[in-house]
Amino acid sequence: MTVAGAAAAPRRNQVPLGIAYMVGSTVMFAGGNAVVKWELATYPLGEVAFGRTLFAFLTVAAIVLPRAGWGVLRTQRYREHLQRGLSQFGSMLCWFLAVSVLSLGPATAIGFAAPLFTTLLSIVILKEKVGIHRWSALIVGFVGVLIITHPGAGTLTYGALFGLVNAILISTVAIAIRRMSMTESPETLTLYQMSIMTFCTAGLLTLGFQGPHWGDALMVALAGVGNGIAQFWWTRSLSLAPPSAVVPFNYLSLVWATILGFAVWGDVPTPGLLVGSAIVVASGLYILWRETIRRRRPAVPAPQRG
């Protein structure tokens, strides 16, 4: 084990702290999403998107730059950062459009289809081999998505379609992160992502702006700060503990979204949402479990020739 590996090992063994960071990030994400849905009923989408993204960027910069310095912005992969930032921007737009139409619970549940699309894109882009277990989990997961969206004559709403496009775009971002993380730190990836998204959402202000009430402006600012903190906590969680220990707690976002949807808007979860969500979550956890088992399995040495 290298010196860096020996130093990283104790950090990755802080499982309780990693779980605490992951749970905290889900609360922050859910609360921020609820604020976005509330404000979209009054203000233009571009205005809400810019306000939240700007304060999220400022929060991330305030956390990262004092620790890492301006050297964190050094990179040789400007084009890849731009592509990933634009994908994240498109994903955010689709999410805003979805949550403006759908209840928080269904919108969040559809977003959990992202790991399924990520696996499919890994096959196409990264040429990864996928066995029967992961293929089965993918098929079962898509069945869960179909139950949530209940497509049919006049039933597949625009909100559900935007939610699915959001999940697909998030998958492309995940693939890009997987490819870029060999040379780029999480801090570099996050700062470039947030700066590109802030620039893009600023352009949306040309499509409409309404002078906000100070209370609404404060809520959007707090949602942005919460989003920035949630991004940092989510990354911190994965640095403190193995993904297999903390990622399952990310599904608590669906619980918080359902509770907030009922408490604020009176949205009662339907049987289709509950059943479909359970199937999607179970398929995602199964893929995570299979990946964990596969990585822990020791390699079989090649037979020695006499």
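To start, this report covers the structure provided alongside it. Just so it is clear, the structure is predicted and the values come from calculations on it, not from any experiment.

1. Re the environment of phenylalanine 209
Turning to step 1, where the next piece is worked out: Relative to the assigned elements, phenylalanine 209 resides in the loop between helix H9 (186–204) and helix H10 (214–240).
Turning to step 2, where the next piece is worked out: The class for phenylalanine 209 is exposed, based on a relative accessible area of 57%.
Turning to step 3, where the next piece is worked out: Distance from phenylalanine 209 to proline 44, taken between C-alpha atoms, is 6.4 Å for residues 165 residues apart in sequence.

2. Some details on the pattern of salt bridges
Side-chain pairing between opposite charges can occur once the charged atoms of the two side chains come close.
Turning to step 1, where the next piece is worked out: For the structure shown, the criterion picks out 2 salt bridges.
Turning to step 2, where the next piece is worked out: For the salt bridge of glutamate 80 with arginine 77, the shortest nitrogen-to-oxygen distance reads 3.9 Å.
Turning to step 3, where the next piece is worked out: On the accessibility criterion, glutamate 80 (23% relative accessible area) is partly exposed.
Turning to step 4, where the next piece is worked out: The salt bridge partner of glutamate 80 is arginine 79, with a shortest N-O separation of 4.0 Å.
Turning to step 5, where the next piece is worked out: Judged by relative accessible area, which is 55%, arginine 79 ranks as exposed.
Turning to step 6, where the next piece is worked out: One network of salt bridges, with partners in common, ties together Arg77, Arg79 and Glu80.

3. Points about the packing of helix H4 (residues 78–101) against helix H8 (residues 158–180)
Turning to step 1, where the next piece is worked out: It is at 8 Å that the axes of H4 and H8 come closest, and there the two elements cross at 155°. On the basis of the axis angle, H4 is roughly antiparallel to H8. For the pair H4 and H8, the crossing hand works out as left-handed. Residue-level inspection shows Glu80, His81, Arg84, Ser87, Gln88, Gly90, Ser91, Cys94, Trp95, Leu97, Ala98 and Val101 of H4 in contact with H8, the latter providing Gly159, Phe162, Gly163, Val165, Asn166, Leu169, Ile170, Thr172, Val173, Ala176, Ile177 and Met180.
Turning to step 2, where the next piece is worked out: Looking at the contact of H4 with H8 residue by residue, the classes come out as 13 nonpolar, 9 polar and 2 charged.

Parameters and conventions
- Residues numbered from 1 in each chain as written.
- Predicted model: local features only at pLDDT ≥ 70, side-chain atom pairs only at ≥ 80, totals over all residues.
- Heavy atoms only, no water.
- Helix = DSSP H or I, 4+ residues; strand = E, 2+ residues; numbered from the N terminus.
- Buried < 20%, exposed > 50% of the residue type's maximum accessible area, 1.4 Å probe, protein only.
- Salt bridge = Lys/Arg side-chain N within 4 Å of Asp/Glu carboxyl O.
- Axes fitted to C-alpha atoms, helices over the stretch in contact; angles between N-to-C directions.
- Parallel < 35°, antiparallel > 145°, perpendicular 65-115°, else oblique.
- Left-handed = near helix turned anticlockwise from the far one by under 90°.
- Contact = heavy atoms within 4.5 Å.
- Nonpolar A, V, L, I, M, F, W, Y, C, P; charged D, E, K, R; others polar.

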